[in-house]
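# Structure assessment
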Amino acid sequence: MAIIKPFKLNEVHEALIAIGVTGMTVSDVKGFRRQRGHTEIYRGAEYVASFLPKVKIEAVVDDSLADRTVETIIETAQTGSIGEGKVFVIDVQSAVRIRTGESGADAL
C-alpha cells in the first residue's frame, strides 16, 4: 500500500506496469502528517485545510516482485518536498479470484 501525491499517480502507475505489476486499486484519500495542512482563503475568510489530498495505491504482488515494487514506487513518487507519502508492506495470508476460484499466486 502506498500513499502518494496525486500528481505522481500516472508516473507511478506506468512504472509499476513496466516492472510487471498486473493490477492495483487506487483511491482518493486525504491526510496529514508533518506538513500539517495549509492555510487557504475561501470567500475572503482564511481557514486551515488540515487534510491534504493524497492517492492510495494498493497492489498485491507475489513475494518475488515485492521489493522491486517498493523500490519503483519510492523512485517514481519522490518530489523532494514534505508530504511525499509512505509505502507500507503488508503480508497477505491468502487471495482467491472470485470468478474462477483460483487461489494463491494464481489469483494475483
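Refer to the structure above for everything that follows.
Residues numbered from 1 in each chain as written. Predicted model: local features only at pLDDT ≥ 70, side-chain atom pairs only at ≥ 80, totals over all residues. Heavy atoms only, no water.

### Focus: the overall build of the protein
- The number of helices and strands found in the protein is two helices and six strands.
- Residues classed as buried in the protein amount to 24% of the 108 residues present.
- Expressed as a percentage of contacts within the protein between residues at least 6 apart in sequence, the contacts between residues at least 24 apart total 65%.
- As displayed, the protein offers around 7,800 Å² of accessible surface, 51% of which is attributable to carbon and sulfur atoms. (Helix = DSSP H or I, 4+ residues; strand = E, 2+ residues; numbered from the N terminus. Buried < 20%, exposed > 50% of the residue type's maximum accessible area, 1.4 Å probe, protein only. Contact = heavy atoms within 4.5 Å. Areas by Shrake-Rupley, 256 points an atom, 1.4 Å probe, with all protein chains shown as cover.)

### What about helix 2 (residues 63-77)?
- For helix 2, with 15 residues, the first-to-last C-alpha span of 22 Å sits near the 21 Å given by 1.5 Å per residue.
- Within the span of helix 2, buried status applies to Leu 65, Thr 69, Thr 72, Ile 73, Thr 76 and Ala 77. Buried residues along helix 2 cover an arc of 100° about the axis, so they all sit on one side. Within helix 2, the exposed residues directed more than 90 degrees away from the buried face are Asp 67 and Glu 75.
- Of the surrounding secondary structure, the elements contacted by the buried residues of helix 2 are strand 1 (2-4), helix 1 (9-19) and strand 6 (85-87). (Expected span 1.5 Å × (residues − 1). Arc of directions from axis to C-beta.)

### Thoughts on the environment of Ile 57
- Relative to the helices and strands, Ile 57 is located in strand 5 (residues 52-58).
- Linking Ile 57 and Leu 9, residues 48 residues apart in sequence, is a C-alpha distance of 8.6 Å.
- Residues within four places of Ile 57 in sequence aside, it is in contact with Met 1, Ala 2, Ile 4, Leu 9, Val 12, Met 24, Thr 25 and Val 26.

### A few points about helix 1
- When helix 1 is considered as a whole, its buried residues turn out to be Val 12, Ala 15 and Leu 16. Taken down its axis, helix 1 places every buried residue within 100° of arc, on the same side. Helix 1 presents Asn 10, Glu 14 and Ala 18 as exposed residues on the side facing more than 90 degrees away from its buried surface.
- Looking at the packing, one finds that the buried side of helix 1 touches strand 1, strand 5 and helix 2.
- Gly 20, located one to two residues past helix 1, shows a positive phi value of around 110°.

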